[in-house]
Amino acid sequence: MAYYGKCIDIVIEQLDKFKPEKDSPDQFLEAASSSLQALSPLKQAFVVEVLSGCLEYRKLLTIVVDAFYVRDGRLCLWADYSLFQVLCYLATFQLDELGFQLFCSIIRSRPIHKTCKFLRFFFNPLNLGSWIKDEWGLLYETTHVKENWIDPLLRWQPEVLELVDQLEGVSASQTTVSKTKAKVTEPKEFNLTTPRPRPIPAPEPVPTMAKPRQELLLRANIEELRCAMPRTHREPLEQDCKKKQGPPARIRKTPRLTFYRPDHIPVKLNTAAILREGALYQRQVEKELQRVDKLVDGAGDFSEFLEWQKKMQAKDREEQLAAGECRRLQGKLSHEEAILARQTLAQENKQKADRKKEETAELMLQCAQRRLKEARSMKELVEQVTEAQKNVKVAQMKLVKGRRQIVQEVMEESREMLQRNAEAAREEQRRRCELISQLRALETQPTRKGKLVDLTQIPGYGVEGEMSVVELRERLALLRETQQREEEEKRDQIIQGKRAKSQELLNTVERLSLCRKAMGRTAAMRWEQKKAQAATGAPSQDERVLELQRRIEERAVERRRRAAPLHVPAPRTVRRASRAQQEAQHWLELERSRERRLRALQRADSAIAPARRLEAA
C-alpha cells in the first residue's frame, strides 16, 4: 500500500506541474521520465504509464472532475484536482488490470473523506448512464464508450460502493470516539456593568424667519430708469427737443447714493461712477433718436433683405435637418451592416469548429498509434536493461582497470608539470635579481634636480604665432572680458524681447476677450432666430435620405434572410432580440423628443410674433 501510495504522490506532483497552454504532452512526458531515473524499473514503469494515460485522456477526466466540483465537491480544495484525475483514470482504465484488492489499497492510502465523496459521485448509475456517457460520446464513438468504459464501470459499481460505505463507517466511528473523549467547554457570561439610561434631549426651538422687506422692491420699480421704459412713436421726439431747448442746468454736487443687496450689505457709489453711468445712458438715447430721425426722413427699409435672409435661413435649416436625418440613417445603416458581419462571422466560426473536430479526431488516432509504438519501445528497453544487469560485473572490472591506467597517466603528467614549473620559477628569480641590481646601480648615479624657467621668453620652436606664457595669459584675460561683455549684451536683448512678447500677449488677450464677448452675443441671437425658424416646418425628403432609407431596408432584408438558416443558441437569440427592441425604443424616443422640440419652438414663435408686429408698427 505504501509502495503504490508513493507512486501516486509522484504522479500527482507531475500533473500539478503540467500546463496545457504552454507544455506539450510528449515533451513533458519525456522530461518527467528523465527525472524519474532514480526509481526502480517497476516503479518507473507504473508512474510513466499512469502519467501518460492521464495526459492522453485529460479531456475525459476534466469533464468528470469539473462536474464533481460544481455539484458535490463545492467544498473541496482545488489543490486536490490532480488527485481526482488520477482516481478517475485508475477506476476507468486500470481497474481490471490492477485488480480490486490493489485498487482498495490505493484508495486506503489516500484521504478517506475526499476519495469516498468522489467515488460515490463517479460510480453513481444515474451519472454514468446519462451525462457522462453523452459527454464522452462527443469526443469518442458512442459504442466504444459504452462497451469499453461505461459497462465495466457499472459492473464494478456494487463492489466500489460497498467499499465506500465501509470506509465511511470506519471514519464515522473514529470521529465519534474522538468527540466523546474531548471535554465539552461550558460558556460563561461576562460580568459587565449595566449602562445608565440616556436622558431625553430637550426639543430645540424652531427658528423664526424674518419677513421679507417689500419696500426695496417697490422703490426699485417706481424709480426705474427712463431709458428702459417703453414709449410711443411721437412723444419721445418732442420731449427730447424740449429738454435740448431748455436752459443749461447748474452743475452741483451729486449726493452719494446707497443701494441695498438682499443680504442687507450697503454698497456706496461715488460721484464719478454716477456721472459715468449717466453719460453712458445718454449716449444710448441719442443713438436711438438719430435712428428714429433717419426713419422719419425716409431712409431705406430692410424688409426685403430680411425676407430674403429668412428664406435663405429656412433653406439652410432644411439642409441642416436633412443632414441630421442622413447622419441618423447612416448610423442605422452601419448597425444593419454590423449585424450582417456578425452573422457571417458566426457561420465562419461554425465551419472552423467542424474543421477543428476533424483535426482532433485525426490527432487522437495518431496519438493512439504513437502510444503503441512507445509501448513496444518500452518493452525493448526493459529487455535491454535486464541484459545489461547480467553483464554488470564484467563492465565493472573493465571500468576499474581503465580508471587505474588513467590515474597512473595523470600522476606521471603531474610530475613532469611540477618539474617544468620549478625550472621556470628558478629562471624568473634569476631575472628579477639582475633587474634589481641594475636599478640600484642607476640610483647611485648623480642627477640634476632643478631647472630654471623664464615665462617671458619665447620657446623658439619656429611655429607660427609663437608667444611667451605671460603674453598668452594676457590675451586669454582679454578674450575672457570680451566674452563676458557679449554675454551681457545678449542677456539684455533676451530680456527686452521677453518684455515685448509679454506686452504683445497682453494686448492679444484683451482683443480676444472683446471678440469672444461679441461672438457670444451674436451666437445667442443666431440661436434664438434658429429656434424660432425651426418651428416653421419639418425637414424635406432629401435624395440622400431616401437613398439611405432604401439601403437600410435592403440590409434588413438581407439580415433576416441570413438569420433564418443560421443556428444560434437560445440565450444569444434572446439577447439579440432584446438588444434590437432596445434600439427600436431608442430611435422612437429620439423621434418623440424631436417632435416635442419642434412643438416648443412653434409655441415660442407664436408667442414672439405679436411682439414683433408691435415693434414693426
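Each remark here, short or long, concerns the structure printed above.
We now turn to the structure provided with this report.

The rules behind each value
Residues numbered from 1 in each chain as written. Predicted model: local features only at pLDDT ≥ 70, side-chain atom pairs only at ≥ 80, totals over all residues. Heavy atoms only, no water. Salt bridge = Lys/Arg side-chain N within 4 Å of Asp/Glu carboxyl O. Helix = DSSP H or I, 4+ residues; strand = E, 2+ residues; numbered from the N terminus. Buried < 20%, exposed > 50% of the residue type's maximum accessible area, 1.4 Å probe, protein only. 1 Å grid on protein atoms, 1.4 Å probe; cavity = no way out; pocket = protein on both sides within 12 Å on 5 of 7 lines; lining within 4 Å. Points joined across faces, edges and corners; volume = space filled by probe spheres on them. Nonpolar A, V, L, I, M, F, W, Y, C, P; charged D, E, K, R; others polar. Core = buried A, V, L, I, M, F, W, Y, C linked by side-chain atoms within 4.5 Å. Contact = heavy atoms within 4.5 Å. Axes fitted to C-alpha atoms, helices over the stretch in contact; angles between N-to-C directions. Parallel < 35°, antiparallel > 145°, perpendicular 65-115°, else oblique. Left-handed = near helix turned anticlockwise from the far one by under 90°.

### What to know about the pattern of salt bridges
1) Next: Evaluated as defined, the whole model comprises 21 salt bridges.
2) Next: Residue Arg432 pairs with Glu428 through a salt bridge whose shortest N-O separation is 3.6 Å. Highlighted residues: Arg432 and Glu428, both in helix H14 (residues 392-444), separated by four residues, approximately one helical turn.
3) Next: The class for Glu428 is partly exposed, based on a relative accessible area of 30%.
4) Next: Ionic contacts of the salt-bridge type, sharing partners, join the residues Arg120, Asp165 and Glu168 into one network.

### Observations regarding the layout of surface pockets
1) Next: Roughly 1000 Å³ of internal volume is contained in the second largest pocket.
2) Next: When contributions to the lining of the second largest pocket are tallied by element, the ones reaching two or more residues are helix H2 (25-35), helix H3 (41-56), helix H4 (58-70), helix H8 (125-139), helix H9 (142-181) and helix H13 (303-390).
3) Next: Across the lining of the second largest pocket, the residue classes break down as 17 nonpolar, four polar and 12 charged.

### Here's the deal with the nonpolar core
1) Next: Ranked by internal contacts, the top residues of the largest apolar core, which has 64 residues, are Val86, Leu90, Phe118, Phe122 and Trp136.
2) Next: No other element matches the 11 residues that helix H5 (residues 81-98) contributes to this core.
3) Next: Each residue touching Phe122, except ones within four places of it in the same chain, is listed here: Val64, Cys88, Ala91, Thr92, Leu128, Ile132, Trp136 and Leu153.
4) Next: Counting residues in each nonpolar core, the second largest holds six residues, with Cys326, Leu333, Val545 and Leu548 among its members.

### Structural notes on the environment of Leu39
1) Next: Take Leu39: it is sitting in the loop between H2 and H3.
2) Next: Among all residues touching Leu39, those that are not within four sequence positions of it are Ile10 and Gln44.

### Observations regarding the packing of H5 against helix H7 (residues 112-122)
1) Next: Where H5 meets H7, the axes come as close as 11 Å, and the angle between the chain directions of the two elements is 50 degrees. Here H5 is positioned oblique relative to H7, judged by the angle of their axes. The element H5 and its partner H7 pack so that their crossing is right-handed. Together, Phe84, Leu87, Cys88, Ala91 and Thr92 of H5 and Lys114, Thr115, Phe118 and Phe122 of H7 make up the contact between the two elements.
2) Next: Residue classes in the contact of H5 with H7 are distributed as six nonpolar, two polar and one charged.

### Quick notes on the packing of H3 against H5
1) Next: At a closest axis distance of 10 Å, the pairing of H3 and H5 adopts a crossing angle of 120 degrees. By the angle between their axes, H3 is oblique relative to H5. The handedness of the crossing between H3 and H5 is right-handed. Along the contact surface, H3 presents Phe46, Glu49, Val50, Gly53 and Cys54, while H5 presents Gln85, Val86, Tyr89, Leu90, Gln94, Glu97 and Leu98.
2) Next: For the contact of H3 with H5, the per-class residue count stands at seven nonpolar, three polar and two charged.

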